[in-house]
Structure formats: structure tokens, C-alpha cells
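# Close look at the chain arrangement
The residues making up each chain are set out below.
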Amino acid sequence: MATRVRPRNKRCAVIGGSGFLGRHLVEKLLDRGYSVSVFDICPSCEVPGVTFHRGDLCDKQALLSALKDVSLVFHCASPAPGSDNRSLFERVNIQGTRTVIEACIEVGVQRLVLTSSASVVFEGTDIKNGSEDLPYAKKPIDYYTKTKIEQEKLVLNACDKEKGFLTVAIRPHGIFGPRDPQLVPILVDTARRGKMKFIIGDGTNLVDFTFVENVVHGHILAAERLRPDSPICGKPYHITNDEPVRFWDFMSEVLVGLGYDPPRYHLPYILVYGLALLLWLLAVILRPLVSFKPTFTPMRVALAGTHHYYSCERAKQDMGYKPLVSLKEGIACTVQSYPHLQKGD
Ligand SMILES: NC(=O)C1=CN([C@@H]2O[C@H](COP(=O)(O)OP(=O)(O)OC[C@H]3O[C@@H](n4cnc5c(N)ncnc54)[C@H](OP(=O)(O)O)[C@@H]3O)[C@@H](O)[C@H]2O)C=CC1
Ligand SMILES: CC(C)=CCC[C@@H](C)[C@H]1CC[C@H]2C3=C(CC[C@]12C)[C@@]1(C)CCC(=O)C[C@@H]1CC3
């Protein structure tokens, strides 16, 4: 069978393309006529039509061969936030991202789109309709956030119109959707262990949850608008569903959709946060003897008990972004996609 040769600007690579967001992105890029290579440490990308390169993004030689002939790179690889492994985060998100930038420049990649995170400005206290002008967190709440900040700075500072290397960072928040390995599975696991009875705080805190297809849409818009005359060069953009929702209403809707009871009883935020800090400290002190991973980390408690929602006005203005799927539709589609997590299964 003859293979169609695509123009170079339609040839892209997705680093982290086997992951949750990465795979949705790969599928949409293929739909839009791109030829797609995936570079990932995890070999689970079995999407037909994709060239798969297995490797660690800290390995420059492996990257150089995967990025040959590619003009556009999406970098959406990161260790999972829950891994709490400082050296891994530093190695992959900081040194690895440096290596990605070097490799892109060496092989002549013209556009690099980074998946950053809205959490780069989150310090555990309320953020209401935060814009991209908020400063980076001075005291990041965990190593994931700390290294995502450094990663974003590296990518945005590498933008160089003279050299023809353009970069942009997309900051999604609370991504959910089919095949998400974190949000729904953690929620269901907590419910199955009988620990989803409590609401932390008064339950009125608003947050952004963003359906994965909207996040993908934001990435592709950014990539296609990344030209030397565009205002988006070297800048970060929030991509959300633009429908802040009460954290506990969202959790309850997913739980009820899957047949579980919603949480009912309230616990004071400060008490739970204090306990989570204590548990985290214990886990660190006891690490040489026993290894345990608390469900209630300070970051998770802060995410569950504070306001954190962001304005995506800038993405609307500069790249014509508009969420394609509403929160209601996104939740219905997500719940439907997890029949094995329904209560009783
Ligand atoms: N999910 C969310 O709510 C949000 C996510 N983000 C960001 O979006 C991006 C994608 O997240 P998500 O899809 O949820 O995460 P996933 O863990 O599902 O996907 C990340 C992928 O990157 C791979 N990877 C990790 N380390 C390396 C490495 N050294 N070299 C090559 N590949 C590697 C992972 O493999 P393996 O699984 O084997 O580690 C995985 O396949 C991340 O940058 C994350 O920080 C931002 C905001 C919110
Ligand atoms: C908006 C946003 C950034 C969401 C992030 C997703 C995850 C961090 C959450 C997904 C499931 C959540 C969850 C909790 C905290 C935050 C999540 C991990 C709890 C551990 C909070 C305390 C509880 O009572 C149980 C919750 C289980 C689900």
C-alpha cells in the first residue's frame, strides 16, 4: 500500500503520547490529517497509523532519531503527580525538558507546545478566576508543581523568533474524561474503601474540571496559531471548560453516576489539612523503614477544599478558543466510559 507523504508542517511528534491526554491528542491529530509519531517510556500506544518510539525523554539520542523530519512537537510527558518522587520529577520535568528543547533545536523542529498546568500558580490558597498574570507559586506545594514551574519557564524562555523556534505553554486544570487513570479511579477507590463520606470544608469551593477533548482542542489551536507574527509566542494559556463548579458537586455527580453515595458529612478544612501534613511528615520520616502512600496528601486536601478556577479569556482572544464539550456532556461521557467502575462490578 502506498503511504501518503504529508507536508513537513503536518508531521508532528507527541512526547507522552501513550498517556491519558497524549493519546486523546494523538487520535485528534490523526483525524485532522497529521502524521503522528509517539515518543513515550510506556509502550501502550497502539493507535493504528502512529509511528511509535519507545524511550526516555532524558535520552537525547533516542529523541533525535524520533524527532527527525518532524516540524511540530507536543510535550505532554510527566511522572504522575502522585508519585511524590523528587529526583524523578527533577530528572524528567527539568533535565528532560532541557533535553527535549535541545533535541528540537538540533533537528530543526519549528514549534514546541508544552502541556504545563494551571497549578504552577497554586500555593494552596484560594484562586478565583486567576489570569495568566498571576506570579508562579513562591512556595509550591509539592515537587510536581515545583518542577512544572521550572519546566514551563524553560520552554517559554526557549522561544526564539530569529532562530525560527517557537514555543507556547498550555495550562489545563483538572483534566477528566474516558481512560483517565487518576481522577475517577482515585475517587472510586476512595469510595470503595468507605472513605468518601466527608466533605472537606463547607463544600462551596469552586474549581475547574476540564474535559479532555477541550484540552486537546486548546493544544491544536495553539500549535496551528504558533507563527512568528502571533501574540501567543512564548506565552502560557489557561485552557478550561470555562464553567467553574463546586468541587464536591462534581465529585458527587460522578459518584452518583457510577452508583455510589455522595459524601454528606462536613469536616473542618484546617483539621484535615493539618492531619494530611502530619501523615506526609510521618511517611517521610518512616520511609527508610516502611513505605506507605497516604490518600490524603496536603496537595489533595488543598485541591479539595479551596477555590481554584482560572480565566481562559486570553486563549479565547488570542487563539479563538472555546470549549467544545460542556461539563454536563463531559461528565455523562466519562461516567459511561467506566462500566467496570460501576458499584457492584
Ligand atoms: N491530568 C491532569 O489533570 C493534568 C495534567 N497536566 C499535565 O498534562 C500532561 C499529561 O498528563 P496525563 O496525560 O494526565 O499523564 P499520564 O501519566 O497519563 O501521561 C504521561 C505519559 O508520559 C510518560 N512519561 C513519563 N515519564 C517519561 C519519560 N521520562 N520519558 C517519556 N515518557 C514519559 C508516561 O509514562 P508512564 O505512565 O510509564 O510514566 C505517560 O505515558 C502532564 O504534563 C501533566 O503534568 C496538567 C494539568 C492537569
Ligand atoms: C481540579 C483538580 C486540579 C482536580 C485534580 C484531580 C485530583 C487531584 C483529584 C481527583 C480525585 C480527588 C480526590 C481527592 C483529592 C483530589 C483528587 C485526588 C480526595 C482525596 C480529597 C479528600 C477526600 O475526601 C477523598 C477525595 C478522593 C478524590
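Not measured: the values here are computed from a predicted model. (Residues numbered from 1 in each chain as written. Chains lettered and ligands numbered in written order. Predicted model: local features only at pLDDT ≥ 70, side-chain atom pairs only at ≥ 80, totals over all residues. Heavy atoms only, no water.)

## Remarks on the environment of cysteine 42
Residue placement: cysteine 42 occurs in the loop between strand 2 (35-40) and strand 3 (51-54). The class of cysteine 42 is partly exposed, set by a relative accessible area of 33%. (Helix = DSSP H or I, 4+ residues; strand = E, 2+ residues; numbered from the N terminus. Buried < 20%, exposed > 50% of the residue type's maximum accessible area, 1.4 Å probe, protein only.)

## Some words on the site of ligand 2
In the vicinity of ligand 2 there are 17 residues, among which His173, Leu183, Met196, Asp208 and Phe296 approach most closely. Protein burial of ligand 2: of its 590 Å² of free accessible surface, 92% is covered by the chains. Where the shell around ligand 2 is concerned, the elements lending two or more residues are helix 5 (183-192), strand 9 (198-200) and helix 9 (298-305). Here the residues of the shell around ligand 2 are counted per class, giving ten nonpolar, five polar and two charged. (Near = heavy atom within 4 Å. Areas by Shrake-Rupley, 256 points an atom, 1.4 Å probe, with all protein chains shown as cover. Nonpolar A, V, L, I, M, F, W, Y, C, P; charged D, E, K, R; others polar.)

## A word on the state of the cysteines
Tallied over the full model, the rule gives zero disulfides. Cysteine cysteine 312 is unpaired, with the sulfur of cysteine 76 as its nearest cysteine sulfur at 20 Å. Residue class for cysteine 312 comes out buried when judged on its relative accessible area of 1%. (Disulfide = S-S within 2.5 Å.)

## Some thoughts on the UniProt feature "transmembrane region" (unreviewed entry) in the protein chain
Cross-referencing UniProt, the feature "transmembrane region" (unreviewed entry) maps to residues 270-290 in the present numbering. Counted over residues 270-290, helix gives 81% and strand 0%. Its end C-alpha atoms are 27 Å apart. (UniProt positions renumbered as here; feature names shortened; annotations may be inferred.)

## Some remarks on the sheet that holds strand 1 (residues 11-15)
On the basis of which strands lie adjacent, the open sheet formed by seven strands has the order 3-2-1-4-5-7-12 and parallel pairing. Edge positions in the sheet fall to strand 3 and strand 12 (236-239), since each has one partner strand and no second. Across the sheet, the mean angle from the axis of one strand to that of its neighbour is 20°, orientation sign disregarded. Each of strand 1, strand 2, strand 4 (72-75) and strand 5 (111-115) is contacted by helix 1 (residues 20-31), which is oriented at about 170° to strand 1, the strand it contacts most. (Pairing = 2+ DSSP bridges. Axes fitted to C-alpha atoms, helices over the stretch in contact; angles between N-to-C directions. Contact = heavy atoms within 4.5 Å.)

## With respect to the nonpolar core
The biggest cluster of nonpolar side chains holds 35 residues, and the ones touching the most others in it are Val14, Leu25, Leu29, Val36, Phe74 and Val113. Counting residues per element, the ones that place at least two in this core are strand 1, helix 1, strand 2, strand 4, strand 7 (166-172), helix 6 (212-225), strand 12 and helix 10 (313-319). Look past the residues within four positions of phenylalanine 74 in its chain and what remains in contact with it is Cys12, Ala13, Val14, Ile15, Leu25, Leu29, Val113, His219 and Ala223. Core analysis: the second largest hydrophobic core is formed by 31 residues, Val245, Val325, Tyr338 and Leu341 among them. (Core = buried A, V, L, I, M, F, W, Y, C linked by side-chain atoms within 4.5 Å.)

## Quick word on the pattern of salt bridges
Taken as a whole, this structure holds 15 salt bridges when the rule is applied. With a closest N to O distance of 3.2 Å, arginine 179 and glutamate 27 form a salt bridge. One end of the pair, arginine 179, is in the loop between strand 8 (175-176) and helix 5; the other, glutamate 27, is in helix 1, and 152 residues separate them in sequence. Judged by relative accessible area, arginine 179 falls into the partly exposed class, the value being 38%. When its relative accessible area of 25% is taken as the criterion, glutamate 27 is described as partly exposed. Among the ionic pairs, arginine 193 bridges to aspartate 189, the shortest N-O distance being 3.2 Å. Here the residues in one salt-bridge network are Arg23, Glu27 and Arg179, joined through shared partners. (Salt bridge = Lys/Arg side-chain N within 4 Å of Asp/Glu carboxyl O.)

## Observations regarding helix 6
Over its 14 residues, helix 6 runs 20 Å from end to end, which matches the ideal 20 Å to within 8%, given 1.5 Å per residue. With ten of 14 residues buried, helix 6 is to be regarded as a mostly interior element. Among all positions in helix 6, only Val212, Asn214, Val215, Val216, Gly218, His219, Ile220, Leu221, Ala222 and Ala223 are buried. (Expected span 1.5 Å × (residues − 1).)

## Considerations on the packing of aromatic side chains
On inspection of all chains with the given rule, the structure shows eight aromatic pairs. On the numbers, 5.1 Å between centres and 75° between planes, the contact of phenylalanine 176 with phenylalanine 250 is edge-to-face. Residue phenylalanine 176 is located in strand 8, and its partner phenylalanine 250 is located in helix 7 (residues 247-257); the two are separated by 74 residues in the primary sequence. Of the two residues examined, phenylalanine 176 and phenylalanine 250, each falls in the buried class. (Phe/Tyr/Trp six-rings, centres within 6.5 Å; stacked < 30°, edge-to-face > 60°.)

## Remarks on the confidence of the model for the protein chain
Mean pLDDT for the protein chain: 94, with 98% of residues reaching 70 or above. Reported for the predicted complex are a pTM of 0.94 and an ipTM of 0.93. (pLDDT = per-residue confidence, 0-100.)

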